Amino acid sequence: MMSSEIVLQTFNLGKKYRHRWAVREANLLVHRGEIFGFLGPNGAGKSTTIRMLLTLIRPTTGRVEFFQKNVLMHRADVLSRLGGLVERADFYLYLSGRRNLESIAALGGNISKKEIDEVLHLVGLAKRADDRVKTYSHGMKQRLGIAQALLRQPEFIVLDEPTTGLDPQGIKEVRELIGRLSAERGITVFLSSHLLSEIEQVATNMAVIHRGEIIVQGKVGELLNDGDTVVRLIARPMDYTKRVLARLSFVKRVVAQGDELQVTIGNTDSSLLSSMLMKSGIEIATITPLRSLEQYFLSITEGASDVD
Ligand SMILES: Nc1ncnc2c1ncn2[C@@H]1O[C@H](COP(=O)(O)OP(=O)(O)OP(=O)(O)O)[C@@H](O)[C@H]1O
Ligand SMILES: [Mg+2]
């Protein structure tokens, strides 16, 4: 397996509003070149996390590193390498798309007309660039928002629900655009969505957030592999537990998330896992089967009974 550079890592990132944690102990890991899908139902904590990534709000706990640098300590440097789209971008409706980008470019300095032409072309707005934004469809405004995020040739872009409110055609266009940014420009993309199908179609890697907690993360292909069951396990002692898991033939994968282990087992019943662990003298604090990630995600988004 190829090891690649870590471009974003969060360490026990958390945000508390009054008495409630909107995000709790989030440990996200994104490598260069990934299209990272951040999936979670409404209110899960996606926007809160993204605002912390972009330094729009301050974390209550933990920290964010982009390019191995603490984002709060190297803010200008890091932000100059990022592009972001948080909820709906605000534009001057009576100016053209191009003029809007020019006015944003003027704030940052040093962006040529040629670069503006290039991003307009990239997002598919070249033909309408000189029309007033007032005349744009929602999808076109959304693409102008992405164009704005691309202005300073970022290495990494963060898009909060870029397809919200778009029709199927608009969604398809944004999806293709994200694919192009990745394939043609090598930009690492972090995008949030509340739709599993959307993440599944565009992302290479993903994390699921629910009630402020990262439930699972990994490669999309592996996580959505039908028939596999993911088990959340908290057991002591941790290192010994990992060694025992490594010897079990039905264990396909083990991922550590803080003091929790995510154990992917085949079609095996999770009760076999717990009995094998107990036989080895391991103390199990929690063991929660998530069935397939897909079923699990549907159950939480449809508000069906929670697994925990
Ligand atoms: N400024 C704030 N003050 C108090 N609570 C907040 C604030 N911002 C967000 N929250 C709460 O934090 C939780 C997470 O909200 P957040 O906006 O991050 O969710 P989300 O995953 O982006 O949801 P959506 O899919 O609806 O955009 C929610 O319970 C929300 O009410
Ligand atoms: Mg949101």
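Residues numbered from 1 in each chain as written. Chains lettered and ligands numbered in written order. Predicted model: local features only at pLDDT ≥ 70, side-chain atom pairs only at ≥ 80, totals over all residues. Heavy atoms only, no water.

**With respect to the site of ligand 1**
Step number 1: Lining the immediate environment of ligand 1, one finds Tyr17, Arg20, Ala22, Pro41, Asn42, Gly43, Ala44, Gly45, Lys46, Ser47, Thr48 and Glu161.
Step number 2: In this structure, Gly43 approaches ligand 1 through a main-chain N or O atom, which is 2.7 Å from an oxygen atom.
Step number 3: Here ligand 1 loses 62% of its free accessible area of 640 Å² to cover by the protein chains.
Step number 4: Looking at the shell around ligand 1 element by element, the count peaks at 3 residues for helix α1 (residues 46-53). (Near = heavy atom within 4 Å. Polar contact = N/O pair within 3.5 Å; in protein donor to acceptor, adjacent residues only side chain to side chain. Areas by Shrake-Rupley, 256 points an atom, 1.4 Å probe, with all protein chains shown as cover. Helix = DSSP H or I, 4+ residues; strand = E, 2+ residues; numbered from the N terminus.)

**Some thoughts on the sheet that holds strand β12 (residues 229-236)**
Step number 1: The sheet built from 4 strands is open, its strands ordered β13-β14-β12-β15 with antiparallel pairing. Where the open sheet ends on each side, the last strands, each with one partner, are β13 (251-257) and β15 (283-289). Adjacent strand axes in the sheet meet at a mean angle of 25°, parallel and antiparallel pairs treated alike.
Step number 2: Bridge count between β12 and strand β14 (residues 260-265): 5 bridges; the pairing is antiparallel. Each residue of the ladder has a partner; that of Val230, found in β14, is Thr264.
Step number 3: Across the face of the sheet, helix α10 (residues 270-279) comes into contact with β12, β13, β14 and β15 while running at roughly 170° to β15. (Pairing = 2+ DSSP bridges. Axes fitted to C-alpha atoms, helices over the stretch in contact; angles between N-to-C directions. Contact = heavy atoms within 4.5 Å.)

**Regarding unusual backbone geometry**
Trans peptide bonds make up most of the peptide bonds, and negative phi angles are found at most residues other than glycine.
Step number 1: With omega at -10°, the peptide bond leading from Arg236 into Pro237 counts as cis.
Step number 2: Structurally, the position occupied by Pro237 is in the loop between β12 and α9 (238-247).
Step number 3: Unlike most non-glycine residues, Thr55 shows phi in positive territory, near 60°.
Step number 4: By secondary structure assignment, the location of Thr55 is in the loop between α1 and β5 (61-66).
Step number 5: Of note in this structure, Gln153 is not a glycine but carries a positive phi near 45°.
Step number 6: For Gln153, the position within the fold is in the loop between α5 (138-149) and β8 (156-159).

**Brief notes about the confidence of the model for the protein chain**
Step number 1: Predicted confidence across the protein chain gives a mean pLDDT of 88, with 92% of residues reaching 70 or more.
Step number 2: Across the protein chain, element-level confidence peaks in β5 with a mean pLDDT of 98 and bottoms out in helix α11 (residues 293-301) with 67.
Step number 3: Low pLDDT (under 50) marks residues 304-308, which in the prediction has 11 contacts with non-local residues, meaning those over four places away or in another chain. (pLDDT = per-residue confidence, 0-100.)

**Observations concerning the side chain of Ser274**
Step number 1: Checked against the element boundaries, Ser274 lands in helix α10.
Step number 2: A residue is classified by how much of its surface remains accessible, and Ser274, at 14% relative accessible area, is buried.
Step number 3: Discounting chain neighbours no more than four positions away, the residues touching Ser274 are Ile284 and Ile287. (Buried < 20%, exposed > 50% of the residue type's maximum accessible area, 1.4 Å probe, protein only.)

**Looking at the pattern of salt bridges**
Step number 1: Summed over all chains, the structure comprises 18 salt bridges.
Step number 2: Glu118 is the salt-bridge partner of Lys114, the closest N and O atoms lying 3.3 Å from each other. One end of the pair, Lys114, and the other, Glu118, are both in helix α4 (residues 113-122), 4 residues apart, so they sit about a helical turn from each other.
Step number 3: Residue Lys114 is classed as exposed on the basis of its relative accessible area of 59%.
Step number 4: Residue Glu176 pairs with Lys172 through a salt bridge whose shortest N-O separation is 3.3 Å. Here Lys172 and Glu176 lie together in helix α6 (residues 168-185), a separation of 4 residues that amounts to about one turn.
Step number 5: Within the structure, one salt-bridge network assembled from shared partners comprises Glu5, Arg32, Arg81 and Glu155. (Salt bridge = Lys/Arg side-chain N within 4 Å of Asp/Glu carboxyl O.)

**Details of the environment of Glu213**
Step number 1: Along the chain, the position of Glu213 falls in strand β11 (residues 213-219).
Step number 2: C-alpha separation for the pair Glu213 and Ile282, spaced 69 residues apart in sequence, amounts to 25 Å.
Step number 3: Setting aside residues no more than four positions away along its own chain, Glu213 makes contact with Arg24, Val208 and Arg232.
Step number 4: Here Arg24 takes part through its side chain, which lies 2.7 Å from a polar atom of the side chain of Glu213.

**A short note on the domain arrangement of the protein chain**
In many reports, interface size means the accessible area that the parts give up when they come together.
Step number 1: Domain assignment breaks the protein chain into domain 1 (6-210) and domain 2 (227-291).
Step number 2: Taken over C-alpha atoms, the centre of domain 1 sits 35 Å from the centre of domain 2. (Domains from an automatic or database assignment.)

**Some points on the side chain of Gln262**
Step number 1: Among the secondary structure elements, Gln262 is positioned in strand β14.
Step number 2: In this structure Gln262 comes out as buried when scored by relative accessible area, which is 2%.
Step number 3: A polar side-chain atom of Gln262 sits 2.9 Å from the main-chain carbonyl oxygen of Ile215.
Step number 4: The contact partners of Gln262, leaving out residues within four places of it in the chain, are Ile215, Val216, Gln217, Val230, Val231, Arg253, Val254, Val255 and Gln257.

**Focus on the pairing of β5**
Step number 1: Pairing of strand β1 (residues 6-17) with β5, which is carried by 5 bridges, proceeds in the antiparallel orientation. Note that in β5 the partner of Gln9 across the bridge is Glu65.
Step number 2: In this structure, β5 lies alongside strand β6 (residues 69-70), joined through 2 bridges in antiparallel fashion. The residue of β6 that forms the bridge with Glu65 is Asn70.
Step number 3: In this structure, the hairpin formed by β5 and β6 is closed by a connection of 2 residues, where Phe67 is found at a positive phi of approximately 50°.

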